[in-house]
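Listed here are the chains, written in short residue letters.
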Amino acid sequence: QVQLVDAGGSLVQAGGFLRLSCAASGSIFTINDMSWYLQALGKQRELVASITSIGSTKYADSVKGRFTISRDNGKMSVYLQMNSLEPEDSAVYYCNAAIKLRYWSVDVGYWGQGTQVTVSS
């Protein structure tokens with residue numbers, strides 16, 4: 001059974017930083033794209049950043065220059081370094097991974113359970 005466990009959320013003051021982590025476990029053939037999403041209270045989930053298996057990255061305009069996504073394929077993990085945090089960054093952050101369970105199977109998207117980030121002004 002595949003599981004994603006994300007962690008690292010906390011309460012932090014504006015201008016501070018956090019590092020989120022997400023680790024996959026289970027019987028996995030390979031992991032393709034890995035991403036971080038956020039969901040603010042009462043709003044839809046939205047993409048923050050994504051990274052391919054070879055390290056190509058994309059970012060939402062609102063976090064460019066402040067957040068950095070990275071991954072460790074050996075540890076089946078993805079990270080989000082969040083600097084210069086703003087109150088508007090407050091949300092539950094979810095990791096997502098496109099996982100191939102067998103070499104012949106298609107990618108299936110898995111979600112972490114979410115980690116709360118709260119930025120105080």
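As shown above, the structure is provided for reference.
Structural notes, computed from the coordinates. These numbers come from a predicted model, not from an experiment.

Cut-offs and rules
- Position numbers for residues count from 1 along each chain, tracking the sequence in the order it is written.
- Two thresholds apply to this predicted model, a pLDDT of at least 70 for residue-level local features and 80 or more for giving and counting side-chain atom pairs, whereas whole-chain, interface and lining totals are computed over all residues.
- To obtain the side-chain values, all non-hydrogen atoms of the structure were included, while hydrogens and water were left out.
- At least two bridges found by DSSP between two strands are what make those strands a pair.
- Strands are runs of DSSP state E lasting at least 2 residues, helices are runs of H or I lasting at least 4, and numbering of each runs from the N terminus.
- Pairing of aromatic side chains here covers Phe, Tyr and the six-membered ring of Trp, requires ring centres within 6.5 Å, and sorts the geometry by plane angle: under 30 degrees stacked, over 60 edge-to-face, intermediate tilted.
- Burial status follows relative accessibility: with a 1.4 Å probe on protein chains alone, a residue under 20% of its type maximum counts as buried, one over 50% as exposed, and anything between as partly exposed.
- For a ring to carry a charge above it, either NZ of a lysine or CZ of an arginine must fall within 6 Å of the ring centroid while also lying within 35 degrees of the normal to the ring plane.

Some details on the pairing of strand E5 (residues 46–51)
Where strand E4 (residues 30–39) meets E5, five bridges bridge the pair, whose relative direction is antiparallel. Along E5, the bridge assignment pairs leucine 38 with glutamate 46. Count of turn residues in the E4/E5 antiparallel hairpin: six residues, of which glycine 42 carries a positive phi of about 80°. Bridge count between E5 and strand E6 (residues 57–59): three bridges; the pairing is antiparallel. Looking at the pairing, serine 50 lines up with lysine 58 of E6. Once E5 ends, the chain turns through five residues before running back antiparallel as E6, passing glycine 55 with a positive phi of about 100°.

Structural notes on unusual backbone geometry
Of note, methionine 76 is a non-glycine position whose phi angle comes to about 50°, a positive value. Inspection of the secondary structure puts methionine 76 in the loop between strand E7 (67–72) and strand E8 (77–82).

Overview of the packing of aromatic side chains
Taken as a whole and judged by the stated rule, the model has four aromatic pairs. Here tyrosine 94 and tryptophan 111 contribute two aromatic rings whose centre-to-centre distance is 6.4 Å and whose plane-to-plane angle is 90°, an arrangement assigned as edge-to-face. In this pair, tyrosine 94 is assigned in strand E9 (residues 91–100) and tryptophan 111 in strand E10 (residues 108–111), connecting sequence segments 17 residues apart. Classification of tryptophan 111 by relative accessible area gives partly exposed; the value is 38%. Their ring planes at 85° and their centres at 5.2 Å tell us that tyrosine 103 and tryptophan 104 sit as a pair that is edge-to-face. Of the two residues, tyrosine 103 and tryptophan 104, both sit in the exposed class. In this structure an aromatic cluster arises from ring pairing among Phe29, Tyr103 and Trp104. If you follow arginine 45 out to its NZ or CZ, it ends over the ring of tyrosine 94, 3.7 Å from the centre. A cation sits over an aromatic face here: arginine 45 above tryptophan 111, 4.6 Å from the ring centre.

Note that all results are geometric; they support no functional claim without further evidence.
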